[in-house]
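Listed below, chain by chain, are the residues.
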Amino acid sequence: MNPTPCDLPECAETGIVFDIQRAAMRDGPGIRTAVFLKGCPLRCAWCHNPESQRFEIQTGKGGKRYGQVMRADEVMQTVTRDRAYYESSGGGMTISGGEPTAQYAFCRALLVLAKKEAIHACLDTSGHLEPERFAALAPLVDLYLFDFKAADSDGYKCLTGISTKWIQTNLAFLEKTAAPVRLRCPLVPGVNDTPEYFTALRAQAKRLKGLQGIDLLPYHDIGNTKYADVGMPLPDLKTKTPDEEQKEHWLKELDGIGVEATMG
Ligand code: SF4
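It should be emphasised that the depicted structure is a prediction, and the values quoted were computed from it without experimental measurement. (Residues numbered from 1 in each chain as written. Predicted model: local features only at pLDDT ≥ 70, side-chain atom pairs only at ≥ 80, totals over all residues.)

Things to note about the overall build of the chain
How we decide: Strands here mean DSSP runs of E at least two residues long; helices mean DSSP runs of H or I at least four residues long; both are numbered from the N terminus. In this description the radius of gyration comes from C-alpha coordinates, and the expected globular size is given by 2.2 Å times residues to the power 0.38. Counting other C-beta atoms within 10 Å of a residue's C-beta gives its exposure: the residue is buried at 20 or more, exposed at 12 or fewer, and partly exposed in between, where C-beta atoms are placed from the backbone. Once C-beta atoms are placed from the backbone, any two residues with those atoms within 7 Å are in contact.
Assigned secondary structure in the chain consists of 9 helices and 11 strands. Relative to the compact-globule value of 18 Å for 264 residues, the chain shows a C-alpha radius of gyration of 18 Å, a close match. If you line up the chain on its principal axes, its C-alpha atoms span 50 × 45 × 35 Å. Taken over 264 residues, the chain has a buried fraction of 39%. Long-range contacts, defined here as pairs at least 24 residues apart, represent 75% of the contacts in the chain between residues at least 6 apart.

Here's what the structure looks like:
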């Protein structure tokens, strides 16, 4: 029987989950269960999960319901079902979003339960969280999947709508603690894939002593129809889906970086 997370400090018994994907292969090492929490304070111009952005449960125009209230122990019942796969593949649970830490207390509850179950936990985050809270989660996180979205703070403001103040502090925390991290890099042709971006990425990679890899995530437009479904305007993004040549060029930018670089 799992402990009740609401008994723990800063843990919430329930939260809003918008998806749980078992046998996920792209959300951290090995075979994983990815738990997607609803709500995000960012507004990335390329977001392909617009239905994850709002914090409340929504019903799309086509009748699809986005999000459901779940208890943390209920989520963990699903997560623990695939324990054998995690053990054989080096996998585990990944908490993603939205921005999972925006439901801080629920995110923490899930991480506490994963720790108690000895299940490897990845936190897939933009890093936009109060630094005190970010540091408080650290003992519960086995691997960070940390976004690197733009070359500098102006780029972040323009492309995601947020300040990088917390992100910079939280990256400095990961540098100082040499925490295990993979940098996740959404790349949008003609938007953020600038020479300055790759210079900044290389510099950031050098500072992260616990860096295990860099995952390049090429832009795609598969989520575009979902904007209309949830009544949101499609961002006016002047780009196109990258071809193989473009992707190879991006990978070449990371030649000699000293860690694994993958193309999503
Ligand atoms: S952080 Fe992720 S969920 Fe939030 S707006 Fe950006 S791409 Fe979408």
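Alright, that's what it looks like, and here's the rest.
Description of the sheet that holds strand E2 (residues 32–37)
The cut-off we apply is this: Strand pairing is assigned whenever DSSP identifies at least 2 bridges connecting the two strands. Think of each axis as a best-fit line through the C-alpha atoms, taken over the contacting stretch in the case of a helix, with angles from 0 to 180 degrees between the N-to-C directions.
One open sheet accounts for 9 strands, arranged E5-E1-E2-E6-E7-E8-E9-E10-E11; its pairing is mixed. On the outer flanks of this sheet lie strand E5 (68–71) and strand E11 (260–263), each paired with one strand and no other. Here the average twist between neighbouring strands, direction ignored, is 30°.

A look at unusual backbone geometry
For the peptide bond that leads from Gly97 to Gly98, omega is 10°, which places it in the cis range. Mapped onto the secondary structure, Gly98 falls in the loop between strand E6 (92–96) and helix H3 (104–116). If you check the backbone angles, Ala118 has positive phi at about 60° while not being a glycine. Within the fold, Ala118 resides in the loop between H3 and strand E7 (121–125). If you check the backbone angles, Ala178 has positive phi at about 50° while not being a glycine. If you trace the backbone, Ala178 turns up in the loop between helix H6 (165–177) and strand E9 (181–187).

Quick word on the pairing of strand E10 (residues 211–218)
Note the following rule: Convention used here: a crossover is right-handed provided that the path from the first strand, over the helix, to the second strand proceeds clockwise when the strands point away from the viewer.
With 7 bridges joining them, E9 and E10 adopt parallel strand pairing. Paired with Arg184 across the two strands is Asp215, which belongs to E10. The parallel pair E9 and E10 is bridged by helix H7 (residues 195–207), and the resulting crossover is right-handed. Pairing of E10 with E11 involves 4 bridges; the strand directions are parallel.

Considerations on the packing of helix H1 (residues 72–80) against H3
Basically, it comes down to this: Note that the term roughly parallel is reserved for angles under 35 degrees, roughly antiparallel for angles over 145, roughly perpendicular for angles of 65 to 115, and oblique for everything else. Crossings are sorted by hand: turned counterclockwise from the far helix by less than a right angle, the near helix makes the crossing left-handed, and turned clockwise it makes it right-handed. Lys, Arg, Asp and Glu make up the charged group, whereas Ala, Val, Leu, Ile, Met, Phe, Trp, Tyr, Cys and Pro make up the nonpolar group; the residues left over, Gly among them, are polar.
The contact between H1 and H3 brings their axes to 10 Å, and the two run at 45°. Here H1 is positioned oblique relative to H3, judged by the angle of their axes. Two packed elements cross with a definite hand, and for H1 against H3 that hand is right-handed. When H1 is examined against H3, the residues Ala72, Asp73, Val75 and Met76 are found in contact with a partner set consisting of Phe106, Ala109, Leu110 and Leu113. Taken together, the residues that form the contact of H1 with H3 break down as 7 nonpolar, no polar and 1 charged.

A closer look at the nonpolar core
Note the cut-off: As used here, a nonpolar core is made of buried Ala, Val, Leu, Ile, Met, Phe, Trp, Tyr and Cys residues. They are joined through C-beta atoms within 7 Å.
Core analysis: the biggest nonpolar cluster contains 59 residues, and Val35, Leu110 and Leu111 have the highest contact counts within it. The dominant element in this core, judged by the number of residues it contributes, is H3, at 8 residues. With residues up to four places along the chain from it excluded, the contact list for Leu110 reads Val35, Ala72, Val75 and Ile95.

Description of H3
For clarity, the cut-off: The span one expects for a helix is its residue count, reduced by one, times 1.5 Å.
Spanning 13 residues, H3 covers 18 Å between terminal C-alpha atoms, matching the ideal 18 Å at 1.5 Å per step. On its buried side, H3 packs onto strand E1 (14–24), E2, H1, E6, E7 and helix H4 (131–137). Immediately beyond the C-terminal end of H3, within one or two residues, lies Ala118, with a positive phi of roughly 60°.

Here we look at H6
Operational definition: By construction, the arc corresponds to the directions joining the helix axis to the C-beta atoms.
End to end, H6 covers 19 Å across 13 residues, agreeing with the expected 18 Å (1.5 Å per residue, within 8%). When H6 is considered as a whole, its buried residues turn out to be Ile167, Asn170, Leu171 and Leu174. On an axial view of H6, the arc spanned by its buried residues comes to 105°, and they lie on one face. Residues of H6 that are exposed and point more than 90 degrees away from the buried face comprise Lys165, Ala172 and Lys176. A positive phi of about 50° marks Ala178, the residue just after H6.

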